Amino acid sequence: MSWLFGAVFLVVLALAEAATHGLMGGAMVVKEEVSLALKEGRPVVVLESTIVAHGMPFPQNLETAIAVENVVREYGAIPATIAVLDGVVHIGLSVSELESLARKGSSVNKASRRDLAVAVGGNLDAATTVSATSLLASRAGIDVFVTGGIGGVHRGFESTMDVSADLTELGRTKICVVSAGVKSILDIPRTLEYLETQGVTVIGYRTDTFPAFFTPKSNSVVPLRLDTPEQCANVILANELLDLQSGILVAVPIPEEEAPEGDMVESVIEAVLNEAKEQGITGRDITPFVLKRNNAKIGAQIAVALSQRRALKTNVEPRHPIVLFGGSIIDISSRTLSSFNTKTKSNSGDVSLHNGGVGRNIAEALTRLGEDPLLVSAVGQDEFGDLILSQLKALKMSTRGILVGSQDHPVHTAVFNNMIEGATGDSIAIAETSIFDVISSDYISLFTDDITSSQIVILDGNVPVEAIGRVCDIAHSAQVPVWFEPATAEKSKKALHPRINSNCITYISPNREELISLASASGIPVGEAPEEPASQILFYKELGEKLFLPFPSLRGVLVKLGKLGALTITPTTSLCNSANGKCLSTTFSTEHFAAHEVGTLVDATGAGDCMAAAIIAHMLPHLRHNTNTPYNLLPAAMQAGLRAAKLSVESEYPVSHLLNSEVLRD
């Protein structure tokens, strides 16, 4: 027996060495972005790495992996691809790690649950299968995992006893797996029977029959049909509450437009199966790989719905009285000390960089005024994006509505670069704001509950037309007032787009250029603005009153006049139909408010945004459904708005750090 004692001694020595090198304590690392999302209760979706290493050749495998991660981000969740690298489990991979895995391809081992210890103990690279990914996701505290298809009971089971480890893993791991069903080459009826035996909840997503991966239907009926991400999220929460210690399979049919191709592939598979049977090929050798389809979208939507319900249940984040959809931008301003000198490579001057963007500015100002807005915006996964997010967190603002891009995405955090000639004050600006195009109508729909439970919704013109239209549809149906801040003269025209319900907009706040642009686009004769201040005020008064023609449900227009102050235009209460809130007369109450005297003018960039924020904060306690809100709220709040604007122009920041709730006191 001396050989046995010798073997045990060697094992003990190996364990001691492994512990010395940190193997036992450092077997798993969670990517910082994923870790932060989990800590903050934001939605995370897991992806397997087998698709990267064994799915297709390089570079298609890398491009596919990145594309799937981007779909997850587009629908509001953080992707976390799982793999074992050098013996360490990684929950979430960087672009360089994905590329390394993709280049190595099929030379990387596949790891199911049984192989994980070997991969970690041997300091190996391994691409995780469905069973291993499910286990590791659950250990990391992630609830939703998206894959193409799962394994199952193989045809000819009675002779091979071949059952995928995916099924047994689902029976003992708390995870929601979203897939296109069971792979078509498998025995679907027996697979469903096996899942039932394992206690796995099987859901058909918008289908009554179990999808067969390549085709949207099979001959097997699903035990349960659910039609919304919210319903799926409720089942996950119930599974958690009951501590069932088993998984959930959400089977998503292939999109109908791809079904004809799927039918063709299915017939080919049948032929291959027959040939395989004749040649004695069995098991995973004949299990095909198929690219994930729309599962990433559905999985992200379920993860978002789950995150929102969990937040409501635990009161992590209460409903916000103000929901704001708009731009988050880095403002860079450079001013030369004298005239531009084009003969030199550089000009001496001052350069400043601040967080900006109309939507972000208003949200920050509202927060400093004591309100709790929810900002829905987009930033890139870059240093500028980190700068914006860090300030929001420092102000204790929710970042739940911020859509964060990825390093490999072609768009980055929006930047507005304004270059000013010191001698003349002439300027030229360069703006890169294409990232706002990722704010889709589907992403807006994730905030339906936030919109319908708010007191007011704020929109700025940086948001794409389709997204503005979706916000308007939701708010109008719930009779929630909408404030439209144009952002620029060109973007102001979005409010007139046919996609947008003109009855949705309750308040609008253009500056002079934006008002002229809106009027011109509406077909209203404009003419030249006079130079003399009193005549200029009258000119904008008459133009502002005409905005009630294209926007019949307006209850107030705020015209920002810069040094000349501001105008408020509201319909006369007695001449408006209280049943539908629409004015039946062209008679208005128009008031001019002179600007407050400014000490030292530093920067007027955020003055209009701060003015709007203070006015909205002042109005908030009195805001009710559109049809019941008093008409005089806008002029009554103007002094608060002017005080906030004064603080802004006297500050180096778009939103003065001195801004607080004292501004709101009459």
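Everything that follows concerns the structure shown earlier in this document.
Residues numbered from 1 in each chain as written. Predicted model: local features only at pLDDT ≥ 70, side-chain atom pairs only at ≥ 80, totals over all residues. Heavy atoms only, no water.

1. Notes on the pattern of salt bridges
One pass over the full model with this rule turns up 25 salt bridges. Across the pair R103 and E99 runs a salt bridge, and its minimum N-O distance is 3.1 Å. Of this pair, R103 and E99 both sit in helix α5 (residues 95-104), separated by 4 residues, roughly a single helical turn. In this structure, R190 and D187 form a salt bridge, with 3.8 Å as the shortest nitrogen-oxygen distance. The partly exposed category is assigned to R190, whose relative accessible area is 35%. Linked by salt bridges that have partners in common, K31, E33 and R73 make up one network. (Salt bridge = Lys/Arg side-chain N within 4 Å of Asp/Glu carboxyl O. Helix = DSSP H or I, 4+ residues; strand = E, 2+ residues; numbered from the N terminus. Buried < 20%, exposed > 50% of the residue type's maximum accessible area, 1.4 Å probe, protein only.)

2. Focus on helix α22 (residues 607-619)
The terminal C-alpha atoms of α22 lie 18 Å apart, and with 13 residues this matches the ideal 18 Å at 1.5 Å per residue to within 8%. Counting buried positions along α22 gives 13 out of 13 residues, so the element sits mostly inside the fold. (Expected span 1.5 Å × (residues − 1).)

3. Quick word on the sheet that holds strand β12 (residues 322-325)
Strand order in this open sheet of 9 strands is β16-β15-β12-β19-β20-β21-β22-β23-β24, and the pairing throughout is mixed. Looking along the sheet, the strands with just one partner apiece sit at the ends: β16 (402-404) and β24 (588-593). In this sheet, adjacent strand axes meet at a mean angle of 20° when their direction is disregarded. With 3 bridges joining them, strand β20 (residues 482-485) and strand β21 (residues 505-508) adopt parallel strand pairing. Each bridged residue has a counterpart across the sheet, and for W483 the counterpart in β21 is Y507. Relative to the sheet, helix α15 (residues 383-394) contacts β15 (373-379) and β16, its axis offset from that of β15 by approximately 170°. The sheet contacts of α22 involve β12, β19 (456-460), β20, β21, β22 (556-560) and β23 (566-571), and relative to β20 the element is tilted by about 170°. (Pairing = 2+ DSSP bridges. Axes fitted to C-alpha atoms, helices over the stretch in contact; angles between N-to-C directions. Contact = heavy atoms within 4.5 Å.)

4. A few points about the nonpolar core
Within the largest apolar cluster, 56 residues are counted, with the highest numbers of intra-cluster contacts made by F325 and I508. The greatest single-element share of this core, amounting to 7 residues, is contributed by helix α18 (residues 465-477). If near-sequence neighbours (up to four positions away) are discounted, F325 is found in contact with V376, I444, F447, I451, V457, I458, L459, D460, V463 and V471. L324, A363, V415 and F593 belong to the second largest nonpolar core, which has 53 residues in total. (Core = buried A, V, L, I, M, F, W, Y, C linked by side-chain atoms within 4.5 Å.)

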